[in-house]
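Breakdown of the fold
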Amino acid sequence: TLSGPVSDPSKLPKWNYDGSSTGQAPGEDSEVILYPQAIFPDPFRRGNHILVMCDAYTPAGDPIPTNKRYNAAKIFSDPAVVAEEPWYGIEQEYTLLQKDVKWPYGWPVGGFPGPQGPYYCGIGADKAFGRDIVDAHYKACLYAGINISGINGEVMPGQWEYQVGPAVGISSGDQLWVSRYILERITEIAGVVVSFDPKPIPGDWNGAGAHTNYSTKPLTNFSTKSMREDGGYEVIKKAIDKLGLRHKEHIAAYGEGNERRLTGKHETADINTFLWGVANRGASIRVGRDTEKAGKGYFEDRRPASNMDPYVVTSMIAETTILWKP
């Protein structure tokens, strides 16, 4: 509780919690220190209340191992990365589950709905399960100042997607994490469980990803490395080539259980294969028809799992495409 409104995270006090209760510190030296990094209007309490995104450090000031924001911030503050102004749009897929049975929301308990086909962007009580939750989340994210740019029902019934972006650099990770927090709070109120598992139901059902759209544009006129200006298609192709050379490293960092999703079926490329294509949703990297036609724009990395850490994924894409020299 603060004595008055605060809009700058640097004006907030550091705080601490018991890291021994979360497996992040030993019991004999249990304090983990929270550093406030970003502020969002609180859609639950409203008024002057705020949500604060923090990262975590030891009392000596070192980032704890699970603090992935720290290294991402270093990459995004590199002058070469700043000059490229990396834009991200993250498509966050998730599955709503019934609370007591952990079975998709709207599915018959112990049974299955009809096969996939009518559910994607579907309407109707027999096709769209949980729209009130999805709409409440959208409104709450808008209130919080998150650049949420769309929602849609996904291919598997009970599965949904929202998109966060465009957002620049470290802000993309901050916004996605807070949007997930808001979603968890809203599903808690609704008595429903949200799952970010990349393949919550085995078999002939789509998995859940976090496709990451990416584009760069230099802030100065002295650089030719721009995806968003004329000639950008060639820059995009060079960036994709670099991503292909580090495919295994990216896959290792793109979420847990992703091998259950990236099978080469259900709109994915096989986890061991790197390929890209225009309008190809069975590729690792998809380039849109609009980008091909305009000769500039963005591309979509379809490999990240729904449970990926956005700090890791966004900064790794920037590091590979801008800083890394093969």
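This structure is a prediction, so every number in the text was calculated from the model and none was measured.

1. Let's talk about the state of the cysteines
- Going through the model one piece at a time under the given rule, you end up with zero disulfides.
- Note on Cys-54: no disulfide assigned, nearest cysteine sulfur contributed by Cys-141 at a separation of 18 Å.
- What makes Cys-54 partly exposed here is its relative accessible area of 24%.

2. What about helix α4 (residues 170-190)?
- If you check α4, its first and last C-alpha atoms are 31 Å apart, about what 21 residues at 1.5 Å a residue would give, namely 30 Å.
- Among the residues of α4, Ser-172, Gly-173, Asp-174, Gln-175, Leu-176, Val-178, Ser-179, Arg-180, Ile-182, Leu-183, Ile-186 and Thr-187 are the ones counted as buried.
- A positive backbone phi angle near 75° is found at Gly-191, which sits one or two residues after α4.

3. Notes on a negative patch on the surface
- There is a patch of like negative charges on the surface, built from Asp-18, Glu-28, Asp-29 and Glu-31.
- Glu-28 sits in the exposed class, given a relative accessible area of 72%.

4. A word on the side chain of Asn-213
- Within the fold, Asn-213 resides in strand β8 (residues 210-215).
- Side-chain polar atoms of Asn-213 contact the side chain of Glu-91, separated by 2.9 Å.
- Dropping the residues within four chain positions of it, Asn-213 is found in contact with Trp-87, Tyr-88, Gly-89, Glu-91, Tyr-298, Phe-299 and Glu-300.

5. Thoughts on unusual backbone geometry
- The step from Gly-165 to Pro-166 runs through a cis peptide bond, and the omega angle for that step is 5°.
- By the secondary structure assignment, Pro-166 is in strand β6 (residues 159-168).
- Its identity is not glycine, yet His-266 carries a phi of approximately 55°, on the positive side.
- By the element assignment, His-266 lies in the loop between α6 (247-253) and β9 (276-278).
- Accessibility expressed as a relative area gives 22% for His-266, which makes it partly exposed.

6. With respect to helix α1 (residues 69-76)
- Within the span of α1, buried status applies to Arg-69, Ala-72, Ile-75 and Phe-76. Angular distribution of buried residues about the axis of α1 spans 120°; they occupy a single face of the element.
- Buried residues along α1 sit in contact with β2 (31-41), β3 (50-57), α2 (79-84), β4 (87-98), α4 and α8 (310-323).

7. Considerations on the UniProt feature "domain: GS beta-grasp" (unreviewed entry) in the protein chain
- Residues annotated in UniProt with the feature "domain: GS beta-grasp" (unreviewed entry) correspond here to residues 1-61.
- Between the end C-alpha atoms of residues 1-61 there is a gap of 24 Å, over a span that is 0% helix and 38% strand.

8. A few points about the packing of aromatic side chains
- Counted according to the given criterion, the structure contains 11 aromatic pairs.
- Aromatic pair Tyr-214 and Phe-299: ring centres 5.5 Å apart, planes at 65°, arrangement edge-to-face. Taken as a pair, Tyr-214 in strand β8 and Phe-299 in strand β11 (residues 299-301) lie far apart in primary sequence, 85 residues in all.
- When its relative accessible area of 1% is taken as the criterion, Tyr-214 is described as buried.
- Clustering of aromatic rings is evident, with ring pairs tying together Phe-76, Tyr-88, Tyr-214 and Phe-299.
- Positioned above the aromatic ring of Tyr-35, the side-chain terminus of Lys-14 is 4.6 Å from the ring centre.
- Against the face of Tyr-233 rests Lys-237, its NZ or CZ located 5.0 Å from the ring centre.

Calculation notes
Residues numbered from 1 in each chain as written. Predicted model: local features only at pLDDT ≥ 70, side-chain atom pairs only at ≥ 80, totals over all residues. Heavy atoms only, no water. Disulfide = S-S within 2.5 Å. Buried < 20%, exposed > 50% of the residue type's maximum accessible area, 1.4 Å probe, protein only. Helix = DSSP H or I, 4+ residues; strand = E, 2+ residues; numbered from the N terminus. Expected span 1.5 Å × (residues − 1). Patch = residues over 30% accessible without salt bridge, like charges linked within 9 Å, V, L, I, M, F, W, Y side chains within 5 Å. Areas by Shrake-Rupley, 256 points an atom, 1.4 Å probe, with all protein chains shown as cover. Salt bridge = Lys/Arg side-chain N within 4 Å of Asp/Glu carboxyl O. Lys, Arg positive; Asp, Glu negative; His and termini not counted. Charge placed at Lys NZ, Arg CZ, Asp CG, Glu CD. Polar contact = N/O pair within 3.5 Å; in protein donor to acceptor, adjacent residues only side chain to side chain. Contact = heavy atoms within 4.5 Å. Arc of directions from axis to C-beta. UniProt positions renumbered as here; feature names shortened; annotations may be inferred. Phe/Tyr/Trp six-rings, centres within 6.5 Å; stacked < 30°, edge-to-face > 60°. Lys NZ or Arg CZ within 6 Å of the ring centre and 35° of its normal.

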